[in-house]
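# Structural overview
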Amino acid sequence: MNDWHIATRSGLKLNVRAATQDDDAVLSDFFHHIRAEDLRFRFLSSAKEVGAEQIRRMTHIDHKANETYVAFNEEDGGVVAVAALASDAAQEKGEVAISVHADHRNQGIGWEMLALVADQAAARGLKSIESIESRENYDAIELERNMGFSVAPFPGDITLVLVSKQLS
């Protein structure tokens, strides 16, 4: 599996790798450092914590149709972000979800993680990526717009939007 070394606009240096089956505790600890609002935006639910089964679905995966990327701060080794890419059965479209540690927001981490996931989706041959966002998640929607994503109403739910991007 690959490792990626990324520097954010704030100068933070990240080491990113695919999650493994040994990362359950790492991800569990990480999700205890996500703001409640960000958990709601990430999982589109009012759950106050990410359960063991949800963590397991992020770490015990096939690495072909789905991937979870874990970003570590190169300076102290702490996890600063987790990104997920889930492909559809036809391997044409991927859904993206990103969470950033509460202490590391507004440092360009979300931007870099989305760029990495988009590059990896294109390398896998996916034609598009998308994210389902709460209309209230202004920061994420603005970031995605700035990266060339289009925003449309989500069918059947006026509280959500579908953010998507065609890949080359």
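First things first, this report covers the structure right here in the doc. Keep in mind the model is a prediction, meaning the values are calculated, not measured.

Conventions and cut-offs
- Residues numbered from 1 in each chain as written.
- Predicted model: local features only at pLDDT ≥ 70, side-chain atom pairs only at ≥ 80, totals over all residues.
- Heavy atoms only, no water.
- Axes fitted to C-alpha atoms, helices over the stretch in contact; angles between N-to-C directions.
- Helix = DSSP H or I, 4+ residues; strand = E, 2+ residues; numbered from the N terminus.
- Parallel < 35°, antiparallel > 145°, perpendicular 65-115°, else oblique.
- Left-handed = near helix turned anticlockwise from the far one by under 90°.
- Contact = heavy atoms within 4.5 Å.
- Nonpolar A, V, L, I, M, F, W, Y, C, P; charged D, E, K, R; others polar.
- Salt bridge = Lys/Arg side-chain N within 4 Å of Asp/Glu carboxyl O.
- Buried < 20%, exposed > 50% of the residue type's maximum accessible area, 1.4 Å probe, protein only.

### Things to note about the packing of helix α4 (residues 109-123) against helix α5 (residues 138-146)
When two helices pack together, their arrangement is given by the angle between the helix axes and by the axis-to-axis distance. One way to put it is that α4 packs onto α5 with a least axis distance of 11 Å and a crossing angle of 50 degrees. Put simply, α4 runs oblique to α5. Here the hand of the crossing between α4 and α5 comes out right-handed. On α5, the residues that touch Gly110, Trp111 and Leu114 of α4 are Leu143, Glu144 and Asn146. Taken together, the residues of the contact of α4 with α5 sort by class into three nonpolar, two polar and one charged.

### Quick notes on the pattern of salt bridges
For side chains bearing opposite charge, pairing can occur when the charged atoms are close. By the definition in use, this model includes seven salt bridges. Between Arg105 and Asp38 there is a salt bridge, with its nearest N and O atoms 3.1 Å apart. Note that Arg105 is positioned in the loop between β5 (93-100) and α4 and Asp38 in helix α2 (residues 36-43), a separation of 67 residues in sequence. Under the relative-accessibility criterion, Arg105 is labelled partly exposed at 24%. Among the residues examined, Asp38 registers a relative accessible area of 13% and is labelled buried. Asp139 is paired through a salt bridge with Arg105; the nearest N and O atoms lie 3.5 Å apart. You can see Asp139 sitting in helix α5 and its partner Arg105 sitting in the loop between β5 and α4, a full 34 residues away along the chain. Through salt bridges with shared partners, a single network forms among Arg35, Glu37, Asp38, Arg105 and Asp139.

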